Structure formats: C-alpha cells, structure tokens
Amino acid sequence: LLCRIYRNREDYGSALAAVNEAIKVNKPRKSGFFNSTLWWWKGSVYDGLGESERSLECLRKALELAYKDNRENVQSISFDLAQGLFEQKCLDEADAVYRRMLKEDESDVSAMVGLARNMIERGDYSSAIGILDRSVKYDADYASSYKMRSRAYNRSGETDKAIDDAITYYKKDSDAFG
C-alpha cells in the first residue's frame, strides 16, 4: 500500500523501497497482496522513473507469477507489458503478448486494438482493418477500435471511411475532445 501512495505522489525512490521490502517479506505470500501484484507495481515504479527495461523485466516477472498466483490479473499485466514493449518498439514481442491475450480471451478488444496498432506501425493496414472489424463486432461501443480503424483507413487512402470512423469515435468517447 505504501508503494502505491508513494507512486501516486511520484516519490519513486520511496515507492521502490516500499515495494522491494514488500516483495522480500511476502515470500511465500504472507499479506493480502499477490506476489505478481507486487512485481506489477514494481514495474510501474520503474516506468515512472523512466527505466523502461527494468519496468519490462518486472512486468515479465509479474506475468509469470500471475499465471501461478492470480490468473485474474493475467490479461491486465499482459496489456501493460505489451504497451511497454510497443513504446520500446519491440513490436514482435508485443504482438506475441497480444496474441497470447487473444488466445486466453478471443473477445479482448483492447488486445485487438493493440495488435492492430502494431500492424499500422508496420504499414499493414488491411490486416489492421480486419482485426478492428472483428473488435467492433465484439464490442461496438469500444471507442478506441474506431479511432484506430480511422487511422488505418486514413493511411490506406480510404478517406471517407476514415472520416466516418473518426466521427463514430468522437460520438462514443466523451473525453476525445479533452
């Protein structure tokens, strides 16, 4: 809990000390926190410090532990890991994480949007549009699907479709203008 408080205050040194102590004393699990959660928090602290590689190492460890101690967090940790990998331009590894997420839950629209974003980054617009079409079928209210599909349509030269999806995105996301 101290880690989260310090993290929210952006006191990363204290947050790191608190989470390291919690990891040390929580073997085996002695508190209400799963070890995977503690490693997830540690990754978040390193992310706040701008230490991307260490953050990714912690998220990989958190994911490994979550398969054993808290499967409910597997998708969320996986998503954070894939996002971090994208930011570091590790698209192949991010794709593998997103595909594993879809294997666990074929209806995970956030994984579909992340995978499509990577496809757009590579210039594979038709594949991105295909997966985003699938995302919209699973959840027609997930605004990010329209935003990302608009981007893919725009880059592939399908301006009218890009505009239609952009309008849909703005209608579905009240924060889109903020």
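Just so you know, these numbers come straight off a predicted model, no measurement behind them.

## Side note on the state of the cysteines
In this structure the tally under the stated criterion is zero disulfides. For the unlinked cysteine Cys3, the closest cysteine sulfur is that of Cys58, found at 10 Å.

## Quick word on the pattern of salt bridges
Counted according to the given criterion, the structure contains 12 salt bridges. Where Glu21 meets Lys24, a salt bridge forms, and the shortest distance between an N and an O atom there is 3.6 Å. With Glu21 and Lys24 both in helix H2 (residues 12-25) and three residues apart, the pair spans about one turn of that helix. Note on Glu21: relative accessible area 39%, which makes it partly exposed. For Lys24, a relative accessible area of 59% gives the class exposed. The residue Glu64 makes a salt bridge to Lys68 at a minimum N-O spacing of 4.0 Å.

## A closer look at helix H9 (residues 143-155)
Along its 13 residues, H9 runs 19 Å from first to last C-alpha, staying within 8% of the 18 Å computed at 1.5 Å per residue. Of all the residues in H9, the buried ones are Ala143, Ser145, Tyr146, Met148, Arg149, Ser150, Ala152 and Tyr153. Close packing links the buried residues of H9 with helix H7 (109-122), helix H8 (125-138) and helix H10 (159-172). One or two positions beyond H9, positive phi appears at Gly157, with a value near 85 degrees.

## Thoughts on the nonpolar core
Nonpolar side chains in soluble globular proteins tend to end up buried together. Formed by 45 residues in total, the largest nonpolar core has its most connected members in Cys3, Val19, Leu81, Tyr98 and Ile131. Of all the secondary structure elements, the ones that give two or more residues to this core are H2, helix H3 (35-48), helix H4 (52-69), helix H5 (74-87), helix H6 (91-104), H7, H8 and H9.

## Quick look at a nonpolar patch on the surface
Taken together, the side chains of Leu1, Leu2, Ile5 and Phe33 make up a nonpolar region of the molecular surface, amounting to roughly 370 Å² of accessible area. With respect to the helices and strands, Phe33 occurs in the loop between H2 and H3. Residue Phe33 is classed as partly exposed on the basis of its relative accessible area, which comes to 30%.

The rules behind these values
- Residues numbered from 1 in each chain as written.
- Predicted model: local features only at pLDDT ≥ 70, side-chain atom pairs only at ≥ 80, totals over all residues.
- Heavy atoms only, no water.
- Disulfide = S-S within 2.5 Å.
- Salt bridge = Lys/Arg side-chain N within 4 Å of Asp/Glu carboxyl O.
- Helix = DSSP H or I, 4+ residues; strand = E, 2+ residues; numbered from the N terminus.
- Buried < 20%, exposed > 50% of the residue type's maximum accessible area, 1.4 Å probe, protein only.
- Expected span 1.5 Å × (residues − 1).
- Contact = heavy atoms within 4.5 Å.
- Core = buried A, V, L, I, M, F, W, Y, C linked by side-chain atoms within 4.5 Å.
- Patch = residues over 30% accessible without salt bridge, like charges linked within 9 Å, V, L, I, M, F, W, Y side chains within 5 Å.
- Areas by Shrake-Rupley, 256 points an atom, 1.4 Å probe, with all protein chains shown as cover.

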